[in-house]
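# Reading the structure
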Amino acid sequence: MPRPQREVVFVDGVRTPFGKAKGQYAETRADDLVIKAIRELMRRNPSLPPERVDEVAIAATTQIGDQGLTLGRTAALLAGLPQSVPGYSIDRMCAGAMTAVTSTASGIAFGAYDVAIAGGVEHMGRHPMGEGVDPNPRILSERIVNPDALVMGKTAENLHDRYPTITRQRVDAYAVRSQQKTKAAYDAGKIQPDLVPVATRSAEAGWGLATLDEPMRPETTLESLAGLKTPFRSHGNVTAGNAAGINDGATAALLADEETARELGLPVKMRLVTYSFVGVEPEVMGAGPIPATEKALRLAGLSIDDIQAFEVNEAFAVQVLAFLEHFGIADDDERVNPYGGAIAMGHPLASSGVRLMNQLARQFEERPEVRYGLTTMCIGIGMGGTVIWENPHWNGTTSESTGDDK
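Residues numbered from 1 in each chain as written. Predicted model: local features only at pLDDT ≥ 70, side-chain atom pairs only at ≥ 80, totals over all residues. Heavy atoms only, no water.

## Focus: the domain arrangement of the protein
Partitioning the protein into domains gives domain 1 (8–126 + 245–271) and domain 2 (146–191 + 216–241 + 273–390). Each of domain 1 and domain 2 was reduced to a C-alpha centroid, and the two centroids are 23 Å apart. Listed per partner, the contact involves 36 residues of domain 1 and 33 residues of domain 2. Carbon and sulfur atoms supply 72% of the area buried between domain 1 and domain 2, which totals about 2800 Å² over both sides. Area buried by domain 1 at its contact with domain 2 is led by Cys 94, Met 98 and Met 270, which between them contribute 26% of it. Here domain 1 and domain 2 share zero salt bridges between them. Our count for the contact surface shared by domain 1 and domain 2 stands at seven residue pairs in polar contact (both at pLDDT 80 or more). (Domains from an automatic or database assignment. Contact = heavy atoms within 4.5 Å. Buried area = accessible area lost by both parts, 1.4 Å probe. Salt bridge = Lys/Arg side-chain N within 4 Å of Asp/Glu carboxyl O. Polar contact = N/O pair within 3.5 Å; in protein donor to acceptor, adjacent residues only side chain to side chain.)

Given below as structure tokens:
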């Protein structure tokens, strides 16, 4: 007998501060980062009995060494969850944590789970993207993809070619705003509630405590960015200043059926509406969020005008601006990444999807007039992913910038 689909809710999310590759986490294991995040989730939600967790899905792009060995299961055990709690690993490159969320959410909606933990980790300093992989030579020899598809920076330069109106000045200006917004968010205490401090150790510095995102450069100016090299193309547009860096970090989120969340006294920060993953030409990977969002909107029966809060991953500034230009949204629209993004905070590949969700949940809490928001990101080898969420704090009024009330 068919079972009705259940409401899936985002209960809570945490993350470690993000580090620079070979920076504050140089001597910290990748699995210890995600274990710390899982433990913090459970600590913050004491009304959840550990045995009620039905699944742990943890993503990593480079599943090797301390990011391998069915990380969801081993991290669950090491985090102190009961042996009865299963787990598994996921790889969808940059959208790993996003896919961990949508996969477990689907299980909740179907009725297979009541409560799940989903997240991701990437220690790019210890495991550079592509370490140990052996791509089938036919993918290049048979011209299934252009060689540019295997170098993310080159795909960003190709996206500039597709959108000639997105100039070097525009991407640099966007990058400066990302740094400024992140600093302002930290100054206002908007980021710290998502963070779990991590003890660190190095032979040179001894013991330390990571409490902030290490990649931040609040002193960035247009002038300083203008002098940076364009390593992926001579006289190109993509620089280290208008792209996310090579980073380390972990995230974890708690998802549940809404009825179960209410029963256990857990908070409800967002409701899942729908999600979409779409493939695009690998050579212009950064275009992925556009068709993924169009499909998600169709599935939800919504238009882009219904979305009044956006968290767009900043793998490259051009990728964000292409998304905004396609949908007719201004570069500096206040609804987009109001607390900054990956250009300032960092982008430890498979972990970033939950960071976006944490920040969208904060937007929802602060803006009860907003009913719908989305998280979206481009994905290596030519994909995009979008998740649409509903604000449980919505007060039923119409947002000033949209003309209807769904």
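From this point on, the discussion continues.
## What to know about helix α5 (residues 152–162)
Among the 11 residues in α5, eight count as buried, and that is most of the element. Buried within α5 we find Met 152, Gly 153, Thr 155, Ala 156, Glu 157, Asn 158, Leu 159 and His 160. If you follow the buried residues of α5, they end up packed against α6 (168–187) and α10 (317–326). (Buried < 20%, exposed > 50% of the residue type's maximum accessible area, 1.4 Å probe, protein only. Helix = DSSP H or I, 4+ residues; strand = E, 2+ residues; numbered from the N terminus.)

## Considerations on the pattern of salt bridges
Inspection of the entire model under this criterion finds 24 salt bridges. Its salt-bridge partner being Asp 12, residue Lys 269 comes within 2.8 Å of it at the nearest N-O pair. A residue pair is termed long-range when its members are at least 10 positions apart, and Lys 269 in the loop between α8 (258–264) and β9 (270–279) and Asp 12 in strand β1 (residues 8–15) qualify at 257 residues. The salt bridge partner of Arg 44 is Glu 40, with a shortest N-O separation of 2.7 Å.

## Here's the deal with unusual backbone geometry
Phi at His 235 takes a positive value of approximately 60°, unusual for a residue other than glycine. In this fold, His 235 is placed in the loop between α7 (222–226) and β8 (247–257). Of the residues examined, His 235 reaches a relative accessible area of 79% and is grouped as exposed. You will see that Asn 337, though not glycine, has its phi angle at about 45°, which is positive. Examined against the element boundaries, Asn 337 turns out to sit in the loop between α10 and α11 (342–345). Using a relative accessible area of 0% as the deciding quantity, one classes Asn 337 as buried.

## A look at the UniProt feature "active site" (unreviewed entry) in the protein
In the numbering used here, UniProt assigns the "active site" (unreviewed entry) feature to Cys 94, His 347 and Cys 378. A maximum C-alpha distance of 11.9 Å is found for the annotated residues, which run over 285 residues; spatially they form one tight group. As for the annotated residues named above, the ones lining the largest pocket are Cys 94 and His 347. Mapped onto the secondary structure, Cys 94 falls in the loop between β4 (87–90) and α3 (96–110). For Cys 94, a relative accessible area of 7% translates into the label buried. Residues within four places of Cys 94 in sequence aside, it is in contact with Thr 61, His 347, Leu 349, Ala 350, Met 377, Cys 378, Ile 379 and Gly 380. Mapped onto the elements of the fold, His 347 is located in the loop between α11 and α12 (352–366). Non-local contacts of His 347, meaning those with residues more than four positions away in its chain, are made with Cys 94, Met 124, Ala 244, Gly 245, Asn 247, Asn 313, Ala 315, Ala 342, Ser 352 and Met 377. (UniProt positions renumbered as here; feature names shortened; annotations may be inferred. 1 Å grid on protein atoms, 1.4 Å probe; cavity = no way out; pocket = protein on both sides within 12 Å on 5 of 7 lines; lining within 4 Å.)

## Concerning the UniProt feature "domain: Thiolase N-terminal" (unreviewed entry) in the protein
UniProt's feature table lists "domain: Thiolase N-terminal" (unreviewed entry) at residues 8–258, given in the numbering used throughout. Between the end C-alpha atoms of residues 8–258 the distance is 6 Å, and the span holds 31% helix and 20% strand.

## A word on the packing of aromatic side chains
Enumeration over the complete set of coordinates arrives at four aromatic pairs. Arranged with centres 6.4 Å apart and planes meeting at 70°, the rings of Phe 310 and Phe 323 form a pair that is edge-to-face. Note that Phe 310 is positioned in strand β10 (residues 307–312) and Phe 323 in helix α10, a separation of 13 residues in sequence. Given the relative accessible area of 1%, Phe 323 is considered buried. Connected via pairs of aromatic rings, a cluster forms that spans Phe 310, Phe 323 and Phe 327. (Phe/Tyr/Trp six-rings, centres within 6.5 Å; stacked < 30°, edge-to-face > 60°.)

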